[in-house]
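Chain residues, written in single-letter form:
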Amino acid sequence: IDYSSLVSKESGDDSMFELLQAIMRDGAAIVQNAPPVPDDDSSMPLPVAKIGCMLGGALSHGGLYGDTFSVQSKIEANNIAYTSHPLGPHQDMAYYESKPGLQLLHCVKNNNVIGGESILIDAMAAAHEFRR
């Protein structure tokens, strides 16, 4: 699904339906061609936040990390997510009483990084298979 079609007045509803259909069918969806994150502290909403608000009206669970945050390698990281070490499949924020139902990630391409591949797992499909 193309980002511009999602935010477009003309095709936005059809693209949003396609996005939601992919999430329900596959457990995940990929939105391509999102604009880059602004370099400055502008008042422009981040592309991922714009889609999040379109999906749910508001962003949730911002108390711990903020509504949006950057995950990047830090020298003295206090969390494995902020290192360059591989991070296997996991569920973010599983410790919340009210876990987020949907998580949006904006993967920014960086040509100077080796690795960084993502693995998506449809936990609902896996649970369904285990029940069989």
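Residues numbered from 1 in each chain as written. Predicted model: local features only at pLDDT ≥ 70, side-chain atom pairs only at ≥ 80, totals over all residues. Heavy atoms only, no water.

### As for the overall build of the protein
Here is step 1: The helix and strand tally for the protein stands at five helices and zero strands.
Here is step 2: Walking the protein from its N terminus toward its C terminus, one meets helices and strands in the order α-α-α-α-α. (Helix = DSSP H or I, 4+ residues; strand = E, 2+ residues; numbered from the N terminus.)

### A look at unusual backbone geometry
Here is step 1: Despite not being glycine, Asn 33 has its phi angle at roughly 65°, a positive value.
Here is step 2: Along the chain, the position of Asn 33 falls in the loop between α2 (12–26) and α3 (47–56).

### Some thoughts on the packing of α2 against α3
Here is step 1: Between α2 and α3, the least distance of the axes is 12 Å, while the angle of their chain directions is 85°. With respect to α3, the element α2 is oriented roughly perpendicular. Seen from α2, the contacting residues are Met 16, Leu 19 and Leu 20; seen from α3, they are Ile 51, Met 54 and Leu 55.
Here is step 2: Split into classes, the residues belonging to the contact of α2 with α3 amount to six nonpolar, no polar and no charged. (Axes fitted to C-alpha atoms, helices over the stretch in contact; angles between N-to-C directions. Parallel < 35°, antiparallel > 145°, perpendicular 65-115°, else oblique. Contact = heavy atoms within 4.5 Å. Nonpolar A, V, L, I, M, F, W, Y, C, P; charged D, E, K, R; others polar.)

### Some thoughts on the nonpolar core
Here is step 1: Of all hydrophobic cores here, the largest spans six residues; its members are Tyr 3, Leu 6, Met 16, Leu 19, Ile 23 and Ile 51.
Here is step 2: Elements that contribute at least two residues to this core include exactly α1 (3–7) and α2.
Here is step 3: Counting residues per element, this core draws most heavily on α2, at three residues.
Here is step 4: Filtering out sequence-adjacent residues up to four positions away, Ile 23 remains in contact with Ala 28, Ala 29 and Leu 102. (Core = buried A, V, L, I, M, F, W, Y, C linked by side-chain atoms within 4.5 Å. Buried < 20%, exposed > 50% of the residue type's maximum accessible area, 1.4 Å probe, protein only.)

### A few points about the packing of aromatic side chains
Here is step 1: Tallied over the full model, the rule gives zero aromatic pairs.
Here is step 2: Across from the ring centre of Tyr 82, 4.4 Å away, lies the NZ or CZ of Lys 74, which sits over that ring. (Phe/Tyr/Trp six-rings, centres within 6.5 Å; stacked < 30°, edge-to-face > 60°. Lys NZ or Arg CZ within 6 Å of the ring centre and 35° of its normal.)

### Points about the pattern of salt bridges
Here is step 1: Under the criterion given, the structure shown has two salt bridges.
Here is step 2: Notably, a salt bridge pairs Glu 129 with Arg 132, separated by 3.0 Å at the nearest N-O pair.
Here is step 3: Note on Glu 129: relative accessible area 47%, which makes it partly exposed. (Salt bridge = Lys/Arg side-chain N within 4 Å of Asp/Glu carboxyl O.)

### Brief notes about the confidence of the model for the protein
Here is step 1: The predicted model of the protein averages 80 in pLDDT, with 83% of residues at 70 or higher.
Here is step 2: Per-residue pLDDT, averaged within each element of the protein, yields its smallest value for helix α4 (residues 62–65) (63) and its largest for α1 (90). (pLDDT = per-residue confidence, 0-100.)

### Here we look at the environment of Ser 73
Here is step 1: Looking at where Ser 73 falls in the secondary structure, it is placed in the loop between α4 and α5 (123–131).
Here is step 2: Distance in space between the C-alpha atoms of Ser 73 and Thr 83 is 4.5 Å, their sequence separation being 10 residues.
Here is step 3: Ignoring any residue separated from it by four or fewer positions in sequence, one finds Ser 73 in contact with Tyr 82, Thr 83 and Ser 84.

### Brief notes about the side chain of Ser 15
Here is step 1: Of note, Ser 15 is situated in helix α2.
Here is step 2: The exposure class of Ser 15 is buried, given its relative accessible area of 6%.
Here is step 3: Within the local environment of Ser 15, its side chain forms a polar contact with the side chain of Ser 5, the two groups lying 3.0 Å apart.
Here is step 4: Not counting residues within four places of it along the chain, the set of residues in contact with Ser 15 comprises Ile 1, Ser 5 and Leu 6. (Polar contact = N/O pair within 3.5 Å; in protein donor to acceptor, adjacent residues only side chain to side chain.)

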